[in-house]
Amino acid sequence: MKRKGFYYLIIILFTFSPVVIDTILTDEANRHYPRTWNLFLIPTIMIVYMYPKWKVIIGASIFYTALKFTTEVTQRTSIETNLMIELIFGSMINWSVTVFVGYFIIKSSNLLKEVEELTITDALTGIYNRRYFDFFMEKTIPFSKKNNNPLIFLLLDIDHFKKVNDHYGHQCGDEALKHISNMIGSNVRNSDAFVRFGGEEFAVIMPNTDAEEGLILAERIRESIEKSDFTYNNERIHFTISIGVSSYSGEEVETFIEKTDNAL
């Protein structure tokens, strides 16, 4: 938060300083205005760094170009041709620099998002993984304690999954995990965190949810999977799951997990 405030301070400083400098310069010093207006590159690039999108690049460039021309026009009854050419040429240089730098900022930002997504996403099912679970709990537990909000943890395990792998092969097991993941996900609310906990285990963390609501969801998930139709190589395979449900009562995260595992 402090860093963001510092960025905004830099943006404000270098937005107004070129305007102030150009306004108070004498006619003699005003011949060097192109260097002054180049200071607009600093807030423009800072804005693009904070919000790496092409529409932000275009919007910021238009804003600072308009501000430059408005400042120059309001100080003169007329603008000489040479001055107008210098203003336009300087704007073209600034736009070129902004687009060039912005391209690499956006590319780096997108690459970073992809890497972050990979670190918290299960490659097989496409849902969040245990790493994301840890991040989520780090934020949710303190919030739950501070506001005294109920928190429910569901731990789901596919019954006799090893037999499926042994009998039908791991390819079948992978398809079954995707199928069951989709079934669970279709019953989970957007406010809940749904993760692959490991192997054939899944977890659902439900903030602002009491035990009764948690049990209702658990039974709905259990029933939907029991009634679901999964076919592999033209053979229907029947699945059931076991679900442990527990309510958070102020313990450490590992103790909370162990309590839910015991319920399972």
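As a reminder, the structure under discussion sits directly above these lines.
Described in the following lines is the structure provided in the data block. Since the model is a prediction, treat every value here as computed from it, not as a measurement.

Calculation criteria
Residues numbered from 1 in each chain as written. Predicted model: local features only at pLDDT ≥ 70, side-chain atom pairs only at ≥ 80, totals over all residues. Heavy atoms only, no water. Buried < 20%, exposed > 50% of the residue type's maximum accessible area, 1.4 Å probe, protein only. Helix = DSSP H or I, 4+ residues; strand = E, 2+ residues; numbered from the N terminus. Arc of directions from axis to C-beta. Core = buried A, V, L, I, M, F, W, Y, C linked by side-chain atoms within 4.5 Å. Contact = heavy atoms within 4.5 Å. Pairing = 2+ DSSP bridges. Axes fitted to C-alpha atoms, helices over the stretch in contact; angles between N-to-C directions.

## Brief notes about helix 10 (residues 253-263)
Part 1: What helix 10 keeps buried is the set Phe256, Ile257 and Thr260. Down the axis of helix 10, the buried side of the element spans an arc of 100°, and every buried residue falls inside it. Looking at helix 10, the residues exposed on the side facing more than 90 degrees away from the buried face are Glu254, Glu258 and Asn262.

## Regarding the nonpolar core
Part 1: If you look at the biggest cluster of nonpolar residues, it comprises 27 residues, and the most contacted ones within it are Leu154, Leu156, Ile184, Phe202, Ile221 and Phe239.
Part 2: In contact with Phe239, other than residues within four places in its own chain, are Ile158, Phe161, Val164, Ala176, Ile180, Ile225, Glu226 and Phe230.
Part 3: Of all hydrophobic cores here, the second largest spans 17 residues; its members include Ile120, Met137, Val195 and Phe256.

## Some details on the sheet that holds strand 3 (residues 201-207)
Part 1: Taken in spatial order, the four strands of this open sheet run 2-3-1-6, and their pairing is antiparallel. If you trace the sheet from one side to the other, it starts and ends with strand 2 (193-198) and strand 6 (241-247), each paired once. Geometrically, the sheet is characterised by an average inter-axis angle of 20° between neighbouring strands, direction not taken into account.
Part 2: In this structure, strand 2 lies alongside strand 3, joined through five bridges in antiparallel fashion. Within the sheet, the bridge partner assigned to Ala193 lies in strand 3 and is Ile205.
Part 3: On the sheet, helix 9 (residues 211-227) packs against strand 1 (151-158), strand 3 and strand 6 and is oriented at approximately 170° with respect to strand 6.

Treat this as a map of the structure, not an account of what it does.
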